[in-house]
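A look at the structure
Each chain, letter by letter, is given below.
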Amino acid sequence: MIVGGLIAAFGLILYKVDKETLKNTLYRTRQFSIGVVFILLILCTGALVSRVFNFGSAKNAFSLRSSPMRTNFSLFYWKMSGANENFGDKLSHILLMSIVGPNLSLITAEEQSAYCKTPKLLAIGSIFQFSCENDVIWGSGVLDSATFPSKSYSKIMRTLDIRAVRGPRTRQFLMSTFNISVPEVYGDPALLLPYYLTGYKKASVPTILRLLILHFRDDTRGPSIAGNTPIVTINACLPWDQIINLILQSELVISTSLHGIIAAEAFGVPARVLVSPHVELFKFHDYFEGTQRKLRYANNLSEAIQMGGEIPMKLDLTKLRNAFPMDKFEAKS
């Protein structure tokens, strides 16, 4: 009944208008319809091109959350005994969870019988000594080439699936010592944190003049500096999010922890390495050379403050992002 009434009303309107008006109205309606269809075609084509060529933010293009994820491929990261966790090693867990989702499977055991059961991923950290046959390497580094137990790892190294390493010193050591092929893809994956931890932003006005981050081996080392210079001192075993928040509030970060430096530089906060007798310098050289710089460290706090932050890194992170082993996390159909 309602439909019939509408049809009758429409017929009455057509009867009342003259032919020329009706002709113009129909012409404008047709032109409008063509325009709408044209716009829709453009939008659909753009969406298709975006999907094919992977346009969009790095986070959207890189995330696997929308795909079924394998449950039998795990991330290994080194975990300290007790409740505390080392900042740099914990970042591996945080970054990978941001990429593949919260159901990420983890291995943190230090017993070889536990971490060598199945192939796994090694990412952030100087953790090559925890590699096993058929493991996947994405951005890991060697702790110290002089002390690495090379003889016991010859067979293992030939089976590794290496996608990227932290820097050229790790790459050169692996190639010359084990005669294996290593791609020239550099970068510590922690440099990608800003792409995924998008809620963390560098403060426009720093509230901390200088932040000193001590490696966990430097736990008892306190700041020693002449004069009354404000400095906040923390240990690298604080919760990871607290450390990042403090870094983002700082004007200058001074650190004996490598990932205190890397996290600061990733978010654009000036940073300076403070040398420590308890921490190997190989990994620092490796990281800095991988970002096309030479390591220039300070011997004390006064010198670190005088030197200020290091020059910005020069590294295109696209290769590192593209080297992520997506294929290992996607469920096979």
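Nothing here was measured: the structure is a model prediction, and the numbers come from that model. (Residues numbered from 1 in each chain as written. Predicted model: local features only at pLDDT ≥ 70, side-chain atom pairs only at ≥ 80, totals over all residues. Heavy atoms only, no water.)

Hydrogen bonding along the main chain pairs the strands of a sheet, whether they run parallel or antiparallel. With respect to topology, four strands assemble into an open sheet ordered β7-β6-β8-β9, the strand pairing being parallel. At either margin of the open sheet sits one strand with a lone partner, and together these are β7 (232-235) and β9 (271-273). Shown here is a sheet whose adjacent strand axes are inclined to one another by a mean of 20°, direction ignored. Here strand β8 (residues 250-255) runs beside β9; their pairing, made up of three bridges, is parallel. Bridged to valine 253 within β9 is alanine 271. Contacts from helix α10 (residues 258-266) reach β6 (208-214), β8 and β9 within the one sheet, and its direction differs from that of β9 by about 160°. (Pairing = 2+ DSSP bridges. Helix = DSSP H or I, 4+ residues; strand = E, 2+ residues; numbered from the N terminus. Axes fitted to C-alpha atoms, helices over the stretch in contact; angles between N-to-C directions. Contact = heavy atoms within 4.5 Å.)

In protein structure, a disulfide is the covalent linkage between the sulfur atoms of two cysteines. Evaluation of the coordinates by the stated rule reveals one disulfide. One disulfide in the model links cysteine 116 with cysteine 132; its S-S distance is 1.8 Å. One disulfide, between cysteine 116 and cysteine 132, carries an S-S torsion of -65° and so falls in the left-handed class. Here cysteine 116, found in the loop between α5 (112-115) and β3 (120-122), pairs with cysteine 132, found in the loop between β3 and β4 (136-140); they are 16 residues apart in sequence, far enough to count as distant. Accessibility expressed as a relative area gives 29% for cysteine 116, which makes it partly exposed. (Disulfide = S-S within 2.5 Å. Buried < 20%, exposed > 50% of the residue type's maximum accessible area, 1.4 Å probe, protein only.)

Before going further, it helps to spend a moment on the layout of surface pockets. Estimates place the volume of the largest pocket at around 330 Å³. Among the elements of the structure, α4 (87-100) and α10 are those that each provide at least two residues to the lining of the largest pocket. Of the residues belonging to the lining of the largest pocket, the class tally is six nonpolar, eight polar and five charged. Structurally, the lining of the largest pocket is a two-domain feature, drawing no fewer than three residues from each of domain 1 (73-191 + 318-328) and domain 2 (200-315). (1 Å grid on protein atoms, 1.4 Å probe; cavity = no way out; pocket = protein on both sides within 12 Å on 5 of 7 lines; lining within 4 Å. Points joined across faces, edges and corners; volume = space filled by probe spheres on them. Nonpolar A, V, L, I, M, F, W, Y, C, P; charged D, E, K, R; others polar. Domains from an automatic or database assignment.)

Moving on, we get to α10. With nine of its nine residues buried, α10 lies for the most part within the structure. Inspection of α10 places Leu258, His259, Gly260, Ile261, Ile262, Ala263, Ala264, Glu265 and Ala266 among the buried residues, and these make up the whole buried set. Two residues or fewer past α10, glycine 268 is found with a positive phi of approximately 80°.

Of all the five residues making up strand β5 (residues 161-165), four are buried; the element is thus mostly covered by neighbouring parts of the structure. Pairing geometry for β4 and β5, over four bridges, is parallel. Considered in β5, the bridge of serine 140 is made with valine 165.

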